Amino acid sequence: MADSVEGEEVEYQKHAKYFKRFLNILPERLASHDSTRVTIAFFAVSGLDVLNSLDLLPDSFQQDIINWIYKLQVVPRPGEPSAGGFQGSSTFNVTGTPPHCGLKQYRWGHLAITYTGIAVLVALGDDLSRLNRQAIIDGVAAVQRDDGSFSATIEGSEHDMRFVYCAAAICSMLDDWGRVDRQRMADYILKSIRYDYGISQHFEMESHGGTTFCAIAALELSGQLHLLTPDMRERIIRWLVFRQQDGFQGRPNKPTDTCYAFWIGAALKILGAFELTSFKDNRDYVLSTQDTTVGGFSKWPQAYTDPFHTYFGLCGLSFLNEPGLQEVVPSLNISKRAYRRLQDLHRQWRLERDGHACTNGEVALHIE
C-alpha cells in the first residue's frame, strides 16, 4: 500500500459532527430530498463509519435508525406485484392510511433506496434478520428490462446504468442473484462502452465517470469482470486516468468535482490502476473543498457543503490511505469493517442453506 500523503489536515471531528447533524434535521436547502431520506442517512451513517465515529451515536439512537429503516421495508402479499425492497422515506405513512385513499398501490421498493438501506443496516451492525431477502431479490429481478438494464421501481421509472449497479450491489450484499439474468446485465454494460472507452448511462449516451464506476463495479460484483478483454481494460483505464486534472472530473472538458475522487478512484481501484494517479494533486483538491469551520466538503472550493460530497470526499481520501479513516471497499462503497460483517452473515446464511439441504436429503433418504 502507498504511504499517506502529507498536506492540509483533515478536520475529522468537525466532519463527524456534520454527519451527526444530518441524522437529526435536514437544512431547508435540502428539503426537496425529504423523500430520499434513507440515502441521506446512508451518507451520514457510512460517513461516521469511515471516520471511525459511530460511537458518537448512542446505542438507542442507532437502534432507532435500524427500526426506522425496517419500517420502510415493502413485502408484497401473495398475488401482489414483486415490488419488494425499501421506500425512501416515511413522509407518506402508507401503512396507516385508510384503504380508500389509494396510496398503497404506490408502495413499492426502489433499487437505490434498497441498496443504501441495507448498507445502513450493515454499518450499524444489524444482523439483517428482519429482512425479507426473498422479497427483495424477487423485486430486483422484477425490474430487469429485456435489454439487461434495471428500472429503479416496478413502474414509472428510468432504467439505466445507475440501477444496474444498485441491483448488483443488492444481490451481492444478500448473496443471492435469484432470477436476475447476469449475462444480459453484462451484455448491457458491454454495449454501453463508448468510442472513447468511457461507459455511458445508457446506450449511445456520453461517457461518464459515475456510470463507468457503476458498470465496472457491477461486473466485479457479478463475477464477470473477466469479460473485459485486456485491450478494453487498458483503454478504460486510460479514459479514467485522463479524468484527473488536479482533482477528478466526471467527463472531458468539465470542471473537477470532489465526488469523482470516489467514482473515478473506485473504478481504478477495481481495475488495479489507482497507482497511476497523482495522490498529492487528488488530496490537495479534495481538501480545498473542506469547510474547516463547521465541517463538510463541497463539490468545488467555496461552494455549499452537502452530505453527498462530504462522504465521497472522505472515501477518496481513504483510497489515499489517509490516517484515521477506515478502508473503503470500492465495489460496494462500504467500509471494510462493514464488509467483514457482511461476509460473516454470508457464511451464516450458507451454513443455514446447506444445513437445510442436508436435512431435506436425510429425510428423503429415510423415506426411501
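See the structure above.
Quantities reported herein were computed from a predicted structural model and do not represent experimental measurements. (Residues numbered from 1 in each chain as written. Predicted model: local features only at pLDDT ≥ 70, side-chain atom pairs only at ≥ 80, totals over all residues. Heavy atoms only, no water.)

Trainee: Can you break down the overall build of the protein chain residue by residue, with the values?
Mentor: The number of helices and strands found in the protein chain is 13 helices and 6 strands. Compactness check: the protein chain gives a C-alpha radius of gyration of 21 Å against a globular reference of 21 Å for 368 residues, within 12% of the reference. By principal-axis analysis of the C-alpha atoms, the protein chain measures approximately 70 × 50 × 40 Å. The burial tally for the protein chain puts 53% of its 368 residues in the buried class. Put simply, of all contacts in the protein chain between residues at least 6 apart along the chain, 69% involve residues at least 24 apart. Carbon and sulfur atoms make up 50% of the accessible area of the protein chain, which totals about 17,100 Å². Computed over 36 positive and 44 negative side-chain charges, the inter-centroid distance for the protein chain is 3 Å. (Helix = DSSP H or I, 4+ residues; strand = E, 2+ residues; numbered from the N terminus. Rg over C-alpha atoms; globule rule 2.2 N^0.38 Å. Buried < 20%, exposed > 50% of the residue type's maximum accessible area, 1.4 Å probe, protein only. Contact = heavy atoms within 4.5 Å. Areas by Shrake-Rupley, 256 points an atom, 1.4 Å probe, with all protein chains shown as cover. Lys, Arg positive; Asp, Glu negative; His and termini not counted. Charge placed at Lys NZ, Arg CZ, Asp CG, Glu CD.)

Trainee: Can you break down the pattern of salt bridges residue by residue, with the values?
Mentor: With the rule as written, the count across this model stands at 17 salt bridges. A network of salt bridges, in which partner residues are shared, links D146, D181 and R184. (Salt bridge = Lys/Arg side-chain N within 4 Å of Asp/Glu carboxyl O.)

Trainee: Let's hear about the packing of aromatic side chains: which residues, and what values?
Mentor: Overall, the coordinates contain 21 aromatic pairs when judged by the stated rule. Relative to F312, the ring of F43 has its centre 5.7 Å away and its plane inclined at 70°; by these criteria the two rings are edge-to-face. On the criterion of sequence distance, the pair formed by F43 in helix α2 (residues 37-50) and F312 in helix α12 (residues 307-319) is long-range, its members being 269 residues apart. The burial state of F43 is the same as that of F312; both residues are buried. Positioned above the aromatic ring of W349 is the side chain of R133, whose terminal nitrogen or guanidinium carbon lies 3.8 Å from the ring centre. (Phe/Tyr/Trp six-rings, centres within 6.5 Å; stacked < 30°, edge-to-face > 60°. Lys NZ or Arg CZ within 6 Å of the ring centre and 35° of its normal.)

Trainee: Explain the state of the cysteines to me, using residue names and the numbers behind them.
Mentor: Disulfide: a covalent bond formed between the sulfur atoms of two cysteine residues. Taken as a whole and assessed by the stated rule, the structure comprises 0 disulfides. Looking at C259, it has no disulfide partner, and the nearest cysteine sulfur is the one in C315, 11 Å off. Assessed through its relative accessible area of 4%, C259 is described here as buried. (Disulfide = S-S within 2.5 Å.)

Trainee: Hey, could you go over the packing of α2 against α12 for me, with residue numbers and the actual values?
Mentor: Across the interface, α2 lies against α12 with an axial gap of 9 Å and an inter-helix angle of 30°. Put simply, α2 runs roughly parallel to α12. The element α2 and its partner α12 pack so that their crossing is left-handed. In this structure, α2 uses I40, F42, F43, S46, G47 and V50 to contact α12, whose residues at the interface are P307, F308, Y311 and F312. Grouping the constituent residues of the contact of α2 with α12 by class yields 8 nonpolar, 2 polar and no charged. (Axes fitted to C-alpha atoms, helices over the stretch in contact; angles between N-to-C directions. Parallel < 35°, antiparallel > 145°, perpendicular 65-115°, else oblique. Left-handed = near helix turned anticlockwise from the far one by under 90°. Nonpolar A, V, L, I, M, F, W, Y, C, P; charged D, E, K, R; others polar.)

Treat this as a map of the structure, not an account of what it does.
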